[in-house]
Structure formats: C-alpha cells, structure tokens
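Fold and geometry: a report
Each chain, letter by letter, is given below.
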Amino acid sequence: MPTTMGMKGDGYYDRHSTAQLASMQLVFDWIENAIAIMPLPPALQSFTVLDLGSSEGRNALIAMNWIVEKVRQRRPDQIIQTIYSDLPSNNFNRLFLNLHEARTAGRIPANVYASAVAGSFYEPLMPPRSVHWAMAFNALLWLDELPAAPVPDFVVYRRPHPPRPGLHVPPETADAFARQADRDLVRFLQRRADELTPGGKLLIVSPGDAAEQRLADGLYDVLNDACLDLVAAGRLPRPRYERFTMPL
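We now turn to the structure provided with this report. (Residues numbered from 1 in each chain as written. Predicted model: local features only at pLDDT ≥ 70, side-chain atom pairs only at ≥ 80, totals over all residues. Heavy atoms only, no water.)

**Considerations on the environment of R159**
Applied cut-off: Per the convention used, a helix needs a DSSP run of H or I reaching at least four residues, while a strand needs a run of E reaching at least two, with both numbered from the N terminus. Contact between two residues is taken to exist if any of their heavy atoms lie within 4.5 Å; hydrogens are not considered.
Relative to the helices and strands, R159 resides in the loop between β4 (131-137) and α6 (171-195). Separated by 10 residues in the primary sequence, R159 and A149 have C-alpha atoms spaced 14 Å apart. Not counting residues up to four positions away in its chain, the partners in contact with R159 are V151, D153, F154, L167, H168, V169 and R214.

Here it is as structure tokens:
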C-alpha cells in the first residue's frame with residue numbers, strides 16, 4: 001500500500017506547483033538532446049510517453065507537449081501516445097478536464113492520443129517493451145513504505161540543517177530510511193527496465209543534496225513548527241504528531 005494518498009484535489013496542485021514546473025523546465029534541453037539521437041519506432045507504430053506522477057496534469061501537459069514537439073521535429077507525422085499515471089487516489093477528474101480543455105483549445109496536436117493509468121510506479125504499469133520515453137518529476141522521493149523507525153520529535157527523518165537544539169536522529173533510524181529508499185529505487189528501476197523499449201529513455205528529476213546545502217532546508221522546519229503550534233493550541237493530539245512522519 002503506497003504511503004501517500006495523492007495530492008489535495010480541486011485544482012490545488014495545479015495552482016501551487018510553479019516551483020515544480022521550474023525544476024522541470026531546467027532539463028528541457030536534456031529532453032531535446034536525448035530525443036534528437038534516440039531511435040524512433042517504425043513509421044506506423046506510436047511513440048509512447050509515460051509520465052510517472054502526473055497529479056492534476058497542468059505541469060505534465062507542458063512536459064508532454066515539449067516532447068511531442070521534439071519528436072515531431074524529427075518525424076512530423078509520428079503518431080504519439082501520451083500516458084499519465086498516478087496513484088488511484090489522485091484527482092483524475094481534474095487531469096481529464098485539463099486534457100479535454102487542452103485538446104479543445106488546440107494545445108494538443110493531431111494524432112496525439114492521451115490516456116491514463118492508476119497505480120504505484122513501484123509496480124508494473126505498462127506492458128513489457130512498450131514505452132519509448134518515461135519520466136518522473138519530483139515524485140521519486142516518496143517512499144513506497146514507511147520503515148518501522150519512529151521519529152517522534154520531527155516530521156521527517158532528516159534533521160534540520162543547520163542543526164536545531166534537542167533534535168537528534170539515531171543512526172539506526174537513518175539506516176532504516178536509507179535501506180527503504182534503496183529497495184524502492186531498485187524496484188522502480190526494474191519496473192521501468194521491463195517497460196522501456198530497446199533504446200528507450202528514462203528521465204528522473206528529484207530533490208537532492210549538495211555539499212553546501214539541501215533542497216529541503218527550512219521547508220520541514222516550517223512544517224514541524226506549524227504542527228507544534230497545533231499541538232500547543234490543542235488542535236492536534238501530541239501522540240498523533242509523534243506518529244506523523246513524512247514518507248520521503
């Protein structure tokens with residue numbers, strides 16, 4: 001059972017994902033360069049693109065249209081199948097509405113056929129050797145399982161940087177999360193290796209660490225402080241806060 005239940009609905013993700021879109025657009029040149037040299041399928045076969053973690057679709061549509069444009073520069077009449085995927089709890093109604101509005105407005109070219117698949121990307125989603133291009137933007141950080149390593153005094157297993165007084169992560173807790181992340185990444189790559197065609201491409205964009213800073217620095221301090229404010233106000237039971245750990 002996936003650890004997350006999908007993003008908040010009613011267009012919330014579409015309205016609050018400009019930072020995620022910016023991180024995607026940073027690698028659009030990589031996409032262009034890869035498509036320019038990768039093998040294309042036979043002329044009458046569709047070029048299949050799989051987006052892993054599409055949410056409500058605003059950002060996913062932008063990435064898909066960029067890929068369609070670059071494939072069509074090589075072969076103007078190429079039939080393209082675009083497949084959007086996310087957890088079954090995702091707001092697919094909004095995704096389908098975005099697709100409908102884009103097609104009605106002419107933002108989806110002719111002979112581009114969209115569909116969707118619900119499921120965890122740690123499991124098979126597509127038939128073997130059927131996907132030419134797969135991509136995951138800002139989604140692979142979510143664990144499939146939360147390890148049995150309690151983190152009672154912070155909302156993530158990673159401690160703030162710079163450190164805050166009174167917060168310490170035991171080595172066994174860090175090891176448990178690292179092992180789970182390793183297992184999940186191996187499963188993810190195995191599934192994609194089965195689904196990709198020979199010469200197919202997989203693009204992963206994910207938050208990470210550098211020597212000087214971590215992308216999440218400050219973010220989870222704010223979330224943790226908000227939770228503690230709710231505990232102090234009596235709106236969040238302390239035991240529930242101690243059981244809450246972001247599964248990343």
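Moving on from the coordinates now.
**Remarks on the pattern of salt bridges**
Selection rule: Basic side-chain nitrogens of Lys or Arg form a salt bridge, by our definition, when they fall within 4 Å of a carboxyl oxygen of Asp or Glu. Exposure is judged per residue with a 1.4 Å probe applied to protein chains only, and the accessible area is read against the type maximum: over 50% gives exposed, under 20% gives buried, and values in between give partly exposed.
If you walk through the whole model with that rule in mind, you get seven salt bridges. For E123, the salt bridge goes to R191, with nearest N and O atoms at 4.0 Å. Of this pair, E123 sits in the loop between β3 (112-118) and β4 while R191 sits in helix α6, placing them 68 residues apart in sequence. The closest approach of N and O atoms between R187 and D144, which form a salt bridge, is 2.8 Å. Of this pair, R187 sits in helix α6 while D144 sits in the loop between β4 and α6, and the two are 43 residues apart along the sequence. Exposure remark for D144: the relative accessible area of 9% places this residue in the buried category.

**Comments concerning the nonpolar core**
The tendency in soluble globular proteins is for nonpolar side chains to be buried as a group. Spelled out, the test is: As used in this record, nonpolar core signifies buried Ala, Val, Leu, Ile, Met, Phe, Trp, Tyr and Cys residues forming a set joined through side-chain atoms within 4.5 Å.
Core analysis: the biggest nonpolar cluster contains 29 residues, and I67, W133, M135 and F137 have the highest contact counts within it. Elements supplying a minimum of two residues to this core: α3 (28-37), β1 (47-52), α4 (58-74), β2 (80-86), α5 (92-104), β4 and β5 (196-205). With seven residues, α4 is the single largest residue contributor to this core. Ignoring any residue separated from it by four or fewer positions in sequence, one finds W133 in contact with I31, A34, I35, M38, F47, T48, V49, L50, I67, L196, K201 and L203. A149, Y157, F177 and L236 belong to the second-largest nonpolar core, a separate cluster that totals 16 residues.

**Quick look at the pairing of β3**
Note the threshold: Criterion used throughout: strands pair if DSSP finds at least two bridges between them. The handedness of a crossover follows from its direction of travel: if, with the strands pointing away from the viewer, the path from the first strand over the helix to the second runs clockwise, the crossover is right-handed.
Taken together, the seven bridges between β2 and β3 define a ladder with parallel strand orientation. Looking at β3, one finds that D86 is bridged to A118. In this fold, the crossover linking β2 to β3 by way of α5 has right-handed handedness.

**As for the sheet that holds β1**
Heads up, the condition is: Interaxial angle, 0 to 180 degrees, is taken between N-to-C directions of lines fitted to C-alpha atoms, where a helix line uses only the stretch in contact.
One open sheet accounts for five strands, arranged β3-β2-β1-β4-β5; its pairing is parallel. Only two strands of the sheet have a single partner each, and these edge strands are β3 and β5. Sheet twist, expressed as the average angle between the axes of neighbouring strands with direction ignored, equals 20°. The sheet contact formed by β4 and β5 spans six bridges and is parallel. In the sheet register, A134 faces β5, and the bridge partner there is L202.

**Details of the packing of helix α2 (residues 18-25) against α4**
How two helices pack is summed up by the angle between their axes together with the distance between the axes. Condition: What sets the label is the angle itself: under 35 degrees gives roughly parallel, over 145 gives roughly antiparallel, 65 to 115 gives roughly perpendicular, and the rest give oblique. Take the far helix as the reference: if the near one is turned anticlockwise from it by less than a right angle, the crossing is left-handed, and if turned clockwise, right-handed. Charged residues are taken to be Asp, Glu, Lys and Arg, nonpolar residues to be Ala, Val, Leu, Ile, Met, Phe, Trp, Tyr, Cys and Pro, and polar residues to be all remaining types, Gly included.
Close contact between α2 and α4 brings their axes to 10 Å; oriented N to C, the two are set at 15°. With respect to each other, α2 and α4 are oriented roughly parallel. The hand of the α2/α4 crossing is right-handed. For the pair α2 and α4, contact is made by T18, Q20, L21 and M24 and by R58, N59, I62 and A63, respectively. Of the residues that constitute the contact of α2 with α4, the class distribution is four nonpolar, three polar and one charged.

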